[in-house]
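Fold and geometry: a report
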Amino acid sequence: MVLSSSSSSSEVKIISECFIKPKTLPEKSNEPYHLSPLDHLMLSFQYIQKGLLFLKPSSEQSDDDATNPKYFMEALLQKLKDSLATALVHFYPLAGRLSTLKTDHPRRSYSVFVDCNNSPGAGFIHAKSELTVADIIGSTLVPLVVQSFFDHHKAVGLDGQNMSLLSVKVTELVDGVFIGLSMNHSVGDGNTFWNFFNSWSEIFNSQEEVLLCLKNPQIFREVSGPMCMLPYSPLDESISQSESPVLKERMFYFSSETLSLLKSKANQDCGTTMISTLQSLTAFIWRSITRARKLPNDQETTCRFAVGTRTRTDPPLPTNHFGVYTSLASTTAKAGEVLENVLGWAASKLHQAVAEQNGEKITAELEHWLKSPFAVQPDQFSEPNLIHMGSSPRFDKYGSEFGMGKAVAVRSGYNSKHDGKVSAYPGRDGGGSIDLEVCLLPEFMEVLESDHEFMSLVSSS
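Everything in this summary refers to the structure shown in the same document. (Residues numbered from 1 in each chain as written. Predicted model: local features only at pLDDT ≥ 70, side-chain atom pairs only at ≥ 80, totals over all residues. Heavy atoms only, no water.)

**Brief notes about the sheet that holds strand β8 (residues 166-172)**
For clarity, the cut-off: Strands are labelled as partners when DSSP assigns at least two bridges between them. What counts as a helix is a DSSP run of H or I of at least four residues, what counts as a strand is a run of E of at least two, and both are numbered from the N terminus. Here an angle of 0 to 180 degrees is reported between the N-to-C directions of two axes, which are lines fitted to C-alpha atoms, with helices fitted over the stretch in contact.
What the six strands build is an open sheet, ordered β2-β7-β8-β9-β4-β14; its pairing is mixed. Bordering the open sheet on either side are β2 (13-20) and β14 (409-412), each of which pairs with just one other strand. Pairwise comparison of adjacent strand axes, ignoring direction, gives a mean angle of 20° for this sheet. Bridging between β8 and strand β9 (residues 176-183) involves seven bridges; their strand directions are antiparallel. For T171, the partnering residue across the bridge sits in β9 and is F178.

**A short note on the packing of aromatic side chains**
Quick note on the threshold: Here a pair means two rings of Phe, Tyr or Trp (six-membered ring of Trp) with centres within 6.5 Å. Their orientation is stacked below 30 degrees between planes, edge-to-face above 60, and tilted elsewhere. A 1.4 Å probe rolled over the protein chains alone gives each residue an accessible area, and that area as a share of the maximum for its type sets the label: buried under 20%, exposed over 50%, partly exposed in between. Should the NZ of a Lys or the CZ of an Arg lie within 6 Å of a ring centre and within 35 degrees of the ring normal, that charge is described as sitting over the ring.
According to the stated counting rule, one finds 21 aromatic pairs in the structure shown. Geometrically, the ring pair formed by F54 and F402 is edge-to-face, given 6.1 Å between the ring centres and 85° between the ring planes. Separated by 348 residues along the polypeptide, F54 in strand β4 (residues 48-55) and F402 in the loop between β13 (386-391) and β14 bring together distant segments of the chain. For the residue pair F54 and F402, the accessibility class agrees, reading buried in each case. Relative to F454, the ring of F252 lies with its centre 5.1 Å away and its plane at 80°, an arrangement referred to as edge-to-face. Pair noted here: F252 is in strand β10 (residues 246-254) and F454 is in helix α11 (residues 452-455), with a separation of 202 residues, a long-range link. For F454, a relative accessible area of 0% translates into the label buried. Above the ring of F204, the side-chain terminus of K79 is found at 4.6 Å from the ring centroid.

**Section: the pairing of β9**
Of all the eight residues making up β9, eight are buried; the element is thus mostly covered by neighbouring parts of the structure. Here β9 shows a buried face lined by G176, F178, G180 and S182 and a second buried face lined by V177, I179, L181 and M183. Sheet topology note: the β4/β9 ladder contains eight bridges and is antiparallel. Bridged to L53 within β9 is F178.

**Some thoughts on the sheet that holds strand β3 (residues 33-34)**
Spatially, the three strands line up as an open sheet ordered β3-β6-β5, and their pairing is antiparallel. Two strands bound the open sheet, and with one partner strand each, they are β3 and β5 (97-103). Relative to strand β6 (residues 109-115), β5 is paired through seven bridges, and the arrangement is antiparallel. Counted as the bridge partner of T103 is S109 from β6.

**A closer look at the side chain of T331**
What counts, and what does not: Pairing of N or O atoms within 3.5 Å defines a polar contact, subject to two protein rules: one partner must be a possible hydrogen donor and the other a possible acceptor, and residues neighboring in sequence count only if both atoms are side-chain atoms. The criterion used for residue contact is that any of the two residues' heavy atoms lie within 4.5 Å.
Position of T331 among the secondary structure elements: in strand β12 (residues 326-334). Residue classification places T331 among the buried residues on the basis of a relative accessible area of 9%. At a separation of 3.5 Å, a polar atom in the side chain of T331 contacts the side chain of K349. In this structure T331 touches W286, T301, T302, C303, K349, L350 and A353, once residues within four positions along its chain are discounted.

No statement about biological role is implied by the geometric values presented.
This is the structure in structure tokens:
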């Protein structure tokens, strides 16, 4: 995939690279961290890549040497490394590498685990660019260079046997700093990713030498052996990755007032109060992108959600449970049905698809795969005319601060993007606002940007 951009790219130069090990290793790190069946399924998916853009503190605001440009980056990098080493104590599997457990009895079978001992640690890269913060957030389209703010470009889960499961890339801009994280999707989902980011920030800002008690400590599975054994070696599988065509990526901001109106309309259309804000917004973007694609009325289009399942299992799991706990909720309809019916019609189909994601259904799907397991290819999850809503505005993405105040923007890397990929972030101003990161083919983005019905609900900031 190539992302198109209206602003010029600038080279990102790597200054230094190293690995960071946990400051100390908990006793349980001596045992293998076994992947669950769902974790094994995620081995063919690309690393999660999300990051935060900060403004450098002005040296005019303080006499402190820490804000002096000459010393600022040096001090920041050292503190980031020190706090990362402590954060990895609490998230110790992220410092490991993937490995395979093989058994020949009663038949040859395999399982993947995280080896927390034979690993150099998490990656840490310092890079530099002559770009400014305005170059990143001031252009209409997301600049292509943002992809260079992340490590592990195009890497998939099984690559974690030869590369770090977590990598941090700190890119120094003229007047800002971008902190980009890449995390192996087979050991953690978006919930785990942002719990780590926020915990790292909490440690960075702590006045204590060693932070022993996090506000949201991770809970790990208590298992003594492999959770599943497969008839093939997952880390030896070949994953085919087809190149996507040129895409355009843009951020669209929706105010809390606009979202309230969308939710009210969707529920009124259906005579209910059960449809959520995100389901209403997703129905709106499904209709808008379907209109932009100018599909024939009888052509099918699919809208899909990534659904967190921790609270849907039986018994429910706490939100700070480490690992991958997601499922896909999808609904398919003819383009004519999506466009000719009211907003609530599409929203109700999405609501139903999400409601069906209960513990019984999730368990049944995994058990079905375990009866005849196979290596999942990413293309198996593609659908014609797909809109996929990923990430979540519920994640506290602006809660991570590293001595530079609140981030000015959230951005993502190359990985897992395709025509119709949409990611939902909380709006920077809070209050229930939402930013949508939308990736589309250039001709579809052009139509969407000129769609009055869509753009009339998009705020300027």
